[in-house]
Amino acid sequence: MAKSKTNPRPEYWVLSLSGGKDSTALGLEWLTRHRADPATYPLDEVIYCDTGMEFPAMVEHVARLERIFRDAGIKFTRLKGKKPFEYLMFEYQPKRKNSAHNDFKGHSWPTHRIRWCTKDLKIRVIANYLKSLNEKYSVIRLIGLAADEQYRLEREHNQNPNHRHPLADWGWTEADCLKYCYDHGFDWGGLYELFKGVSCWCCPLQPLDELRKLRKHFPDLWNRLILMDRTTWRQFRTDYSVDQLEIRFQFEEERLAQGLPINTREFHRALKEKIKECEQK
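What counts as what
- Counting restarts for each chain: residues are numbered from 1 in the order of the written sequence.
- Reporting of local features is limited, given that this is a predicted model, to residues whose pLDDT is at least 70; pairs of side-chain atoms are given and counted only at 80 or more, and all residues count toward the totals for whole chains, interfaces and linings.
- With hydrogens and water set aside, each side-chain value is computed from the structure's full complement of heavy atoms.
- Using a 1.4 Å probe on the protein chains alone, a residue whose accessible area is under 20% of its type maximum counts as buried, one over 50% counts as exposed, and one in between counts as partly exposed.
- Put simply, DSSP marks the helices as runs of H or I at least four residues long and the strands as runs of E at least two long, and each gets a number from the N terminus on.
- Strand pairing requires that DSSP identify at least two bridges connecting the strands.
- If you view a crossover with the strands going away from you and the path from the first strand over the helix to the second runs clockwise, you call it right-handed.
- Residues count as neighbours in contact if any of their non-hydrogen atoms are within 4.5 Å of one another.
- Between N-to-C directions, angles span 0 to 180 degrees; the directions come from axes that are lines fitted to C-alpha atoms, helices contributing only their stretch in contact.
- Note on terminology: angles under 35 degrees are roughly parallel, angles over 145 are roughly antiparallel, angles of 65 to 115 are roughly perpendicular, and the others are oblique.
- Under the grouping applied here, Gly and all other residues not named as nonpolar or charged are polar, the nonpolar ones being Ala, Val, Leu, Ile, Met, Phe, Trp, Tyr, Cys and Pro and the charged ones Asp, Glu, Lys and Arg.
- Each reported salt bridge corresponds to a side-chain nitrogen of Lys or Arg within 4 Å of a carboxyl oxygen of Asp or Glu.
- Whenever two N or O atoms come within 3.5 Å, that pair is a polar contact, provided that in protein one can donate a hydrogen and the other can accept it, and provided that, for residues adjacent in sequence, both atoms are side-chain atoms.

Time to look at the pairing of strand 2 (residues 45–49). The buried fraction of strand 2 amounts to five of the five residues, a majority that puts the element mostly inside the structure. Neither face of strand 2 is left uncovered, since the one carrying Glu 45, Ile 47 and Cys 49 and the one carrying Val 46 and Tyr 48 both have all their residues buried. When strand 1 (residues 11–17) meets strand 2, the two strands line up parallel, connected through four bridges. Of the residues in strand 2, the one forming a bridge with Val 14 is Glu 45. Following the backbone out of strand 1, through helix 1 (residues 21–36) and into the adjacent parallel strand 2, one traces a crossover that is right-handed. Looking at chain direction, strand 2 and strand 3 (residues 75–79) are connected through five bridges and run parallel.

Turning our attention to the environment of Asp 103. Here Asp 103 lies in the loop between helix 3 (85–90) and helix 4 (116–134). Looking at Asp 103, the relative accessible area reads 71%, which means it is exposed. Sequence separation between Asp 103 and Arg 155 is 52 residues, and the spatial gap between their C-alpha atoms is 38 Å.

Turning next to unusual backbone geometry. In this structure, Ser 108 is a non-glycine residue whose phi angle is positive, near 65°. Tracing the chain through its elements places Ser 108 in the loop between helix 3 and helix 4. What makes Ser 108 buried here is its relative accessible area of 0%. Here Trp 188, not a glycine, exhibits a phi torsion of approximately 55°, which is positive. Following the sequence through the fold, Trp 188 ends up in the loop between helix 7 (174–183) and helix 8 (191–194). For Trp 188, a relative accessible area of 2% corresponds to the buried category.

Here we take up the sheet that holds strand 3. Strands in a sheet are paired, the pairing made by backbone hydrogen bonds, and the direction either parallel or antiparallel. The strand order 3-2-1-4-5 describes an open sheet built from five strands, whose pairing is parallel. Here the strands that pair on one side only, and so sit at the sheet edges, are strand 3 and strand 5 (163–164). Sheet topology note: the strand 1/strand 4 (residues 138–142) ladder contains five bridges and is parallel. Directly across from Trp 13, in strand 4, lies its bridge partner Ile 140. The sheet contacts of helix 2 (residues 56–71) involve strand 1, strand 2 and strand 3, and relative to strand 3 the element is tilted by about 150°. Across the sheet, helix 4 lies against strand 1, strand 2, strand 3 and strand 4, angled at about 155° from strand 2, the strand it touches most.

As a packed pair, helix 10 (residues 219–231) and helix 11 (residues 242–257) sit with axes 8 Å apart at the nearest point and diverge in direction by 135°. Accordingly, the angle class assigned to the pair helix 10 and helix 11 is oblique. Contacts from Trp 222, Leu 225, Ile 226, Asp 229 and Arg 230 of helix 10 reach helix 11 at Val 242, Asp 243, Leu 245, Glu 246 and Phe 249. Looking at the contact of helix 10 with helix 11, its residues break down into six nonpolar, no polar and four charged.

As a further point, take the pattern of salt bridges. Tallying each qualifying case throughout the model produces 19 salt bridges. In this structure, Glu 174 and Lys 21 form a salt bridge, with 3.0 Å as the shortest nitrogen-oxygen distance. Here Glu 174 is found in helix 7, whereas its partner Lys 21 is found in helix 1, with 153 residues between them in sequence.

Mapped onto the elements of the fold, Thr 51 is located in the loop between strand 2 and helix 2. You can call Thr 51 buried: its relative accessible area is 7%. Only 3.2 Å separates the side chain of Thr 51 from the backbone nitrogen of Met 53, close enough to count as a polar contact. A distance of 3.2 Å separates a polar atom in the side chain of Thr 51 from a polar atom in the side chain of Glu 54. In contact with Thr 51, other than residues within four places in its own chain, are Phe 85, Leu 121, Lys 122 and Cys 200.

Put into structure tokens, the structure is as follows:
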């Protein structure tokens, strides 16, 4: 009896879009090449995972990209976790490794060790969607890692033979990607002129300087951040709550107006006293 032959799964090319400069440059350039030569530059679908905590300008940016891809006849899929960020942060009650936290609600703020937001709102959501696609197709993922991100390209999960890194193949650096986007009329409302990286606006893992800029340029989001921190059980950062950051940034402004430094031991001693004084009121 002849052996049955199984048909190989057809290739299905998916662009992973984060909305940042690198994936945007990759998406726009790949689409241009796809229109000219779809056999060499196949593209079946674009997937974007929405955390619900993006800057308003990023929301507008992704909506614009969605229209471009849809107008070109490319499927555009928005993925989202079953539970929103704020539910997971404030309400969800997982099993706790530390029994002292059993009565606390929500995951609270993510930390360097516990990045539940990335895991629950991005990695798992994308993985589940790709798993469903892999049941029918051999999925080829286009991923926007730039040529000067070698440390990321070398990570084990980026060695998957079904992952493609065209930016690295083209020799495009992060700076090249940003220039490409600007040259094509995409500027994220100036976000990249303020921040080194554009991720969730409420991320507690941002450097202090990024938080200063958030406070200065997005006071509505900053005020929302203050309220969020007051509502949850884990402090925003190990060194400062958001209320304490507000005190610090105000104190810095006062010192700078007086021509005094803000990066000396004397400053930090004075700041410690200032925070203590404010919290006792």
